[in-house]
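So you can see what is in the structure, the chains are spelled out below.
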Amino acid sequence: MVLNYIWIGFFVVAFVFGGVQLLMGDTTIFQKMVDSTFDTSKTAFETSLGLTGVLALWLGIMKIGEKAGAVNALARLLSPVFTKLFPDIPKNHPVMGSIFMNIAANMLGLDNAATPTGLKAMAGMQELNTRKDTATNPMIMFLVLNTSGLTIIPTTILAFRASYGAAQPTDVFIPILLATSVATLAGIIITAMWQRINLLQPVLLATLSGLIAFVALVIWGFGQMDKDTMGTVTAVAGNLILMTVIVLFILAGVRKRINVYDAFIEGAKEGFQTAVRIIPYLVAILVAVGVFRASGAMDMLIDGIAWVVKQCGLNTDFVGALPTAFMKPLSGSGARGLMLEAMKNYGPDSFVGRLSCIFQGSTDTTFYILAVYFGSVNIKYTRHAVACGLLADLAGVIAAIAIAYIFF
């Protein structure tokens, strides 16, 4: 229901802003908006088409791991923690393994593995759902963990900074890690309070403390490396982890004497079906975002914020990077484009250029994730998922601004 109102709101606001610009003499504004509907619907289809092969691959690998017992083993290992964070999921349920693999892939910046494992986890939670059109508490907690976007290694952002000639492409690494950690912790706390989950349980406290210690260790470790070494380590680590997962799952299947090829084909078919199923949801959200942006509403919003901040006598340096922050919950590719635009216009080593990169890495595409993940299991009523996801995003944005002023 919330997504319904938001979706309608995008079109209504875009139409109003378009009308204002028409009255001001821009006779092409509605042409731009109409063109945007065609362009973004095409983008949505191409995105889904691009996901088809990746989904088929990773859901095929996951099916091997499932039949070989590897996913169940992960579920048993993580059960003490996840049963506290996801109390409505039965102990040792296989979906725990899928949840872990998704979170691990996100933390390591392995996008190709994160989405398929995330969709697999959603399918598993849907099997436990007694109201098939309504999101459950575990689904919402899982979505918030995804939308808050905890990424330990922001490989893509560092690569873009290097390509744009940044003197030190990795100088945003620690700020991104800090901002995304704040967003994730805020998302967990907000959702837990909403769902009445006690975070003071010893197991959860120890896990969150361990996560913070791990992030601190990564910050220290990468702080000792130069940019070339860091790039090599992140690339090798990511590829090694992916290949290790694939080989271990296959070997586990051989050990269990299952037909790994047939298991892979069975899972790959599910991947193809999932890719087709999410097309309408992607078209809906991306077209709405595209029209909103084409109408000029985003630019007017930024100008309004700049005026308010200036009237309050505050520093307005951060305002130039806000388009990336506002676009990130709506569209990953759109936010990436605005980040690159900021680096091009202001310079990769400018305050705005660096802050845009921190915004890009601090959270994930909330509405895109909601559309894809909930759409894959036909969830219509998202309950508090949007509110918790956006509050986590807000925490990440505020943290990113504060951290950017501290570092730069």
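Residues numbered from 1 in each chain as written. Predicted model: local features only at pLDDT ≥ 70, side-chain atom pairs only at ≥ 80, totals over all residues. Heavy atoms only, no water.

A. Representation of the overall build of the protein chain in the model. What the protein chain contains, in helices and strands, is 18 helices and zero strands. For the protein chain, the spread of C-alpha atoms along the principal axes amounts to about 70 × 45 × 40 Å. Counting across all 408 residues of the protein chain, residues that qualify as buried make up 52%. Here the analysis covers contacts within the protein chain between residues at least 6 apart in sequence; of these, 78% occur between residues at least 24 apart. (Helix = DSSP H or I, 4+ residues; strand = E, 2+ residues; numbered from the N terminus. Buried < 20%, exposed > 50% of the residue type's maximum accessible area, 1.4 Å probe, protein only. Contact = heavy atoms within 4.5 Å.)

B. Representation of the side chain of Thr-324 in the model. Inspection of the secondary structure assignment puts Thr-324 in helix α14 (residues 322-327). The exposure class assigned to Thr-324 is buried, which follows from its relative accessible area of 1%.

C. Main features of unusual backbone geometry. Positive phi, close to 60°, is recorded for Arg-196, a residue that is not glycine. Locating Arg-196 in the fold gives a position in the loop between α8 (173-194) and α9 (202-223). Overall, the relative accessible area of 79% leaves Arg-196 in the exposed class.

D. Summary view of the pattern of salt bridges. Counted by the stated rule, this structure contains five salt bridges. A salt bridge links Lys-63 to Glu-266, with the nearest nitrogen and oxygen atoms 3.9 Å apart. With a gap of 203 residues between them, Lys-63 in helix α2 (residues 29-68) and Glu-266 in helix α11 (residues 260-277) connect regions that are remote in the sequence. With relative accessibility at 7%, the residue Lys-63 sits in the buried group. Close ionic contact of Asp-349 with Arg-354 constitutes a salt bridge, the shortest N to O distance being 3.9 Å. One network of salt bridges, with partners in common, ties together Lys-63, Lys-67 and Glu-266. (Salt bridge = Lys/Arg side-chain N within 4 Å of Asp/Glu carboxyl O.)

E. Representation of the packing of aromatic side chains in the model. Evaluation of the coordinates by the stated rule reveals six aromatic pairs. With centroids separated by 5.0 Å and ring planes inclined at 70°, the aromatic side chains of Trp-7 and Phe-11 adopt a geometry described as edge-to-face. Highlighted residues: Trp-7 and Phe-11, both in helix α1 (residues 2-23), separated by four residues, approximately one helical turn. For Trp-7, a relative accessible area of 34% translates into the label partly exposed. (Phe/Tyr/Trp six-rings, centres within 6.5 Å; stacked < 30°, edge-to-face > 60°.)

F. Region of the structure containing helix α12 (residues 279-294). An ideal rise of 1.5 Å per residue puts 22 Å on 16 residues; α12 measures up with 22 Å between its terminal C-alpha atoms. With its phi angle positive at about 90°, Gly-296 sits one or two positions after the end of α12. (Expected span 1.5 Å × (residues − 1).)

G. Just a nonpolar patch on the surface, in detail. Taken together, Tyr-5, Trp-7, Ile-8, Val-12, Val-16, Val-20, Met-24 and Met-300 make up a surface patch of nonpolar side chains, about 770 Å² in accessible area. Of the residues forming the nonpolar patch, the biggest block, six residues, is contributed by α1. (Patch = residues over 30% accessible without salt bridge, like charges linked within 9 Å, V, L, I, M, F, W, Y side chains within 5 Å. Areas by Shrake-Rupley, 256 points an atom, 1.4 Å probe, with all protein chains shown as cover.)

H. Geometry of the confidence of the model for the protein chain. When pLDDT is averaged along the protein chain, the result is 81; 91% of the residues meet or exceed 70. Of all the helices and strands in the protein chain, helix α7 (residues 155-163) carries the lowest mean pLDDT, 72, while helix α6 (residues 137-147) carries the highest, 89. (pLDDT = per-residue confidence, 0-100.)

I. Broad picture of the environment of Val-291. With respect to the helices and strands, the residue Val-291 is situated in helix α12. With relative accessibility at 4%, the residue Val-291 sits in the buried group. Taking the C-alpha atoms as reference points, Val-291 and Ile-29, separated by 262 residues in sequence, lie 10 Å from one another. The residues contacting Val-291, other than those within four sequence positions of it, are Phe-11, Ala-14, Met-33, Ser-36 and Thr-37.

J. Structural detail: the side chain of Ser-362. Looking at the secondary structure, you find Ser-362 in helix α16 (residues 351-362). Separated by 3.1 Å, the side chain of Ser-362 and the backbone oxygen of Phe-359 make a polar contact. (Polar contact = N/O pair within 3.5 Å; in protein donor to acceptor, adjacent residues only side chain to side chain.)

K. Summary view of the nonpolar core. In terms of nonpolar packing, the biggest core is built from 56 residues, with Phe-86, Ile-99, Met-122, Met-125, Phe-142 and Phe-374 touching the most fellow members. Among the elements that make up this core, the one with the highest residue count is helix α17 (residues 366-376) (eight residues). The residues contacting Ile-99, other than those within four sequence positions of it, are Phe-82, Phe-86, Ile-89, Ala-121, Met-125 and Phe-142. The next biggest cluster of nonpolar side chains, apart from the first, holds 28 residues, and it includes Leu-340, Ala-342, Val-352 and Phe-359. (Core = buried A, V, L, I, M, F, W, Y, C linked by side-chain atoms within 4.5 Å.)

L. Fine view of the environment of Leu-338. When you line up the elements, Leu-338 lands in helix α15 (residues 332-346). In contact with Leu-338, other than residues within four places in its own chain, are Arg-293, Pro-323, Thr-324 and Met-327.

M. Main features of the environment of Ala-121. Summarising the element assignment, Ala-121 is placed in helix α5 (residues 111-127). Here Ala-121 falls in the buried class, since its relative accessible area comes to 0%. Taking C-alpha positions, Ala-121 is 37 Å from Leu-301, a pair spaced 180 residues apart along the chain. In this structure, Ala-121 is in contact with Val-95, Ser-98, Ile-99 and Phe-142, ignoring residues within four places of it in sequence.

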